[in-house]
Amino acid sequence: MSVQNGFAGTVGHTPLIRLRTLSEETGCEILGKAEFMNPGGSVKDRAARAIIDDAEKRGELKPGGIVVEGTAGNTGIGLAHVCNARGYRCIIVMPDNQSPEKYQLLEMLGAEVYKVPTVPYSNPNQYQKVAQRLAASLRNAIWSNQFDNTANRRAHVETTGPEIWEQTGGKIDAFVTAAGTGGTIAGVSEYLKSQRRSVRCVLADPPGSSLYEFVRNGVLKATGSGSITEGIGIGRVTANFANAPLDDAVHVEDGDTVHYVYRLLREEGLFLGSTSGINVAGAVRVARDLGPGHTVVTVLCDGGAKYQSRLFNPAWLVQKGLAASAGEPRKSERIALENVLVA
Ligand code: PMP
């Protein structure tokens, strides 16, 4: 056992988990990179650490400074932790359509949270643009700019990609994941292809995102509209996503995403968020296309606790028409506790 240096030292080096039932069903090795085991609870801890390290190195972020970000949640959570550990003030601008648990968690961590109406990227009051102007209006503040700051992608070229290569001993046929900023998919794909060009790199894209059409046909055009997934799916090519060396994309409906979230919970004992569900759905699709005997790696991005009021709320699933996709929990008769209690 070695000793790690604080929060930042604990980010990364996550396990690679074999998903047993899905591997058996497909005849492939389906492996999930356990990013939910990062100290702040998501894959975005890697980007948060890298962005702050980079700003410090370039002299933009000085002691006692302020970090401002526009984020749907997980990057903010990662930044809030790194800011606490290094004495920075953390200001988070979020759209107002996210899970309530995320706002509460950020506030518990000590970040200042500002909610803005959910509007399209073209609107000057879109959350990322508000964050940019807010940072510019403050002294000794940086806008961490996770979408276009390529320190984010670099984190995955330098850490996530090499870890996956090493953990599989180079025995990897495909890598599949969704894109929020694109940092994970672009960075990991770039590294894997630098090791062996034939590793198949595939985007899993939710309804409402324009990247499926972009990867398949070179045009930014939304497929379907709106998704229950949070933090993924985009309508533009970010600097982090630009020139990602991708071979293909799969479009995943929310029903499939929810189906796999609940299978992971009940069959694998893994309590995960919706982006892990879409990623696993994509990995299974790619495994079936490749046929038995292949190794397909995907990303288990974050845990399920933040989604208690939505993805894990039966009434909410009914409202979204997704209750059937979640399936039934294992049935067992309730125990008559009075037979066990001592009178
Ligand atoms: N899953 C979750 C839960 C996320 O929060 C994000 C980023 N917002 C992603 C996946 C996508 O990661 P990336 O930004 O690296 O594309």
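Residues numbered from 1 in each chain as written. Predicted model: local features only at pLDDT ≥ 70, side-chain atom pairs only at ≥ 80, totals over all residues. Heavy atoms only, no water.

## Remarks on helix α11 (residues 274–290)
Next up, step 1: The end-to-end C-alpha separation of α11 is 24 Å, in line with the 24 Å expected for 17 residues at 1.5 Å each.
Next up, step 2: Counted residue by residue, α11 has 13 buried out of 17 residues, so it is predominantly covered. (Helix = DSSP H or I, 4+ residues; strand = E, 2+ residues; numbered from the N terminus. Expected span 1.5 Å × (residues − 1). Buried < 20%, exposed > 50% of the residue type's maximum accessible area, 1.4 Å probe, protein only.)

## A short note on the layout of surface pockets
Next up, step 1: Taken as a whole, the second largest pocket encloses approximately 200 Å³ of empty space.
Next up, step 2: If you go around the second largest pocket, the residues you meet are Arg46, Arg49, Ala50, Asp53, Asp54, Lys57, Ala151, Arg154, Ala155, Glu158 and Thr159.
Next up, step 3: Per-element tally for the lining of the second largest pocket: the top contributor is helix α3 (residues 44–57), with six residues.
Next up, step 4: Considering only residue class, the lining of the second largest pocket consists of three nonpolar, one polar and seven charged. (1 Å grid on protein atoms, 1.4 Å probe; cavity = no way out; pocket = protein on both sides within 12 Å on 5 of 7 lines; lining within 4 Å. Points joined across faces, edges and corners; volume = space filled by probe spheres on them. Nonpolar A, V, L, I, M, F, W, Y, C, P; charged D, E, K, R; others polar.)

## Here's the deal with a nonpolar patch on the surface
Next up, step 1: A contiguous nonpolar surface patch, about 450 Å² in accessible area, is contributed by Ile335, Leu337, Val340 and Leu341.
Next up, step 2: Structurally, the position occupied by Leu341 is in the segment after α13 (323–326).
Next up, step 3: Among the residues examined, Leu341 registers a relative accessible area of 57% and is labelled exposed. (Patch = residues over 30% accessible without salt bridge, like charges linked within 9 Å, V, L, I, M, F, W, Y side chains within 5 Å. Areas by Shrake-Rupley, 256 points an atom, 1.4 Å probe, with all protein chains shown as cover. Salt bridge = Lys/Arg side-chain N within 4 Å of Asp/Glu carboxyl O.)

## Re the nonpolar core
Next up, step 1: Grouped together as the largest cluster of nonpolar side chains are 36 residues, with contacts concentrated most on Ile172, Phe175, Leu192 and Leu203.
Next up, step 2: Elements supplying a minimum of two residues to this core: β3 (66–70), β4 (89–95), α6 (127–136), α7 (151–167), α8 (183–195), β8 (200–205), α9 (211–217) and β10 (295–300).
Next up, step 3: Ranked by residues supplied to this core, first place goes to α8 with five residues.
Next up, step 4: Leave out the neighbours within four places in its chain, and Ile172 touches Ile164, Trp165, Leu192, Arg196, Val199, Thr295 and Val297.
Next up, step 5: Judged by nonpolar contacts, the second largest core, of 25 residues, contains Ile30, Val252, Leu264 and Val296. (Core = buried A, V, L, I, M, F, W, Y, C linked by side-chain atoms within 4.5 Å. Contact = heavy atoms within 4.5 Å.)

## Thoughts on the site of the ligand
Next up, step 1: Near the ligand there are 13 residues, and of these Lys44, Gly180, Thr181, Thr184 and Thr275 occur at the shortest range.
Next up, step 2: A distance of 2.6 Å separates an oxygen atom of the ligand from a polar atom in the side chain of Lys44.
Next up, step 3: Backbone polar atom of Gly180 to an oxygen atom of the ligand: 2.7 Å apart, as the coordinates give it.
Next up, step 4: Across the shell around the ligand, the residue classes tally to three nonpolar, eight polar and two charged. (Near = heavy atom within 4 Å. Polar contact = N/O pair within 3.5 Å; in protein donor to acceptor, adjacent residues only side chain to side chain.)

## Details of the side chain of Ser189
Next up, step 1: Positionally, Ser189 belongs in helix α8.
Next up, step 2: Since its relative accessible area comes to 0%, Ser189 is described here as buried.
Next up, step 3: Among the polar contacts made by the side chain of Ser189, one reaches the main-chain carbonyl oxygen of Ile185 at a distance of 2.6 Å.

## Details of the packing of aromatic side chains
Next up, step 1: This structure, assessed with the given rule, holds three aromatic pairs.
Next up, step 2: Arranged with centres 5.5 Å apart and planes meeting at 50 degrees, the rings of Tyr262 and Phe312 form a pair that is tilted. Taken together, the residues span a long stretch of sequence, with Tyr262 in helix α10 (residues 254–268) and Phe312 in the loop between β10 and α12 (314–319) at a distance of 50 residues.
Next up, step 3: In textbook terms, an aromatic cluster arises when at least three aromatic residues are bridged by ring pairs, as seen for Tyr262, Phe271 and Phe312.
Next up, step 4: Stacked on the ring of Tyr103, the Lys or Arg Lys115 has its end atom at 4.0 Å from the ring centre.
Next up, step 5: The lysine or arginine in question, Lys129, covers the ring of Tyr121, its NZ or CZ lying 4.3 Å from the ring centre. (Phe/Tyr/Trp six-rings, centres within 6.5 Å; stacked < 30°, edge-to-face > 60°. Lys NZ or Arg CZ within 6 Å of the ring centre and 35° of its normal.)

## Observations regarding the domain arrangement of the protein
Next up, step 1: Here the protein is described as being made up of domain 1 (6–37 + 160–326) and domain 2 (44–143).
Next up, step 2: A C-alpha centroid distance of 24 Å is found between domain 1 and domain 2.
Next up, step 3: Between domain 1 and domain 2, the contact holds 21 residues from the first and 21 residues from the second.
Next up, step 4: Between domain 1 and domain 2 the total buried area reaches about 1,600 Å² when both faces are included, carbon and sulfur atoms providing 48% of it. (Domains from an automatic or database assignment. Buried area = accessible area lost by both parts, 1.4 Å probe.)

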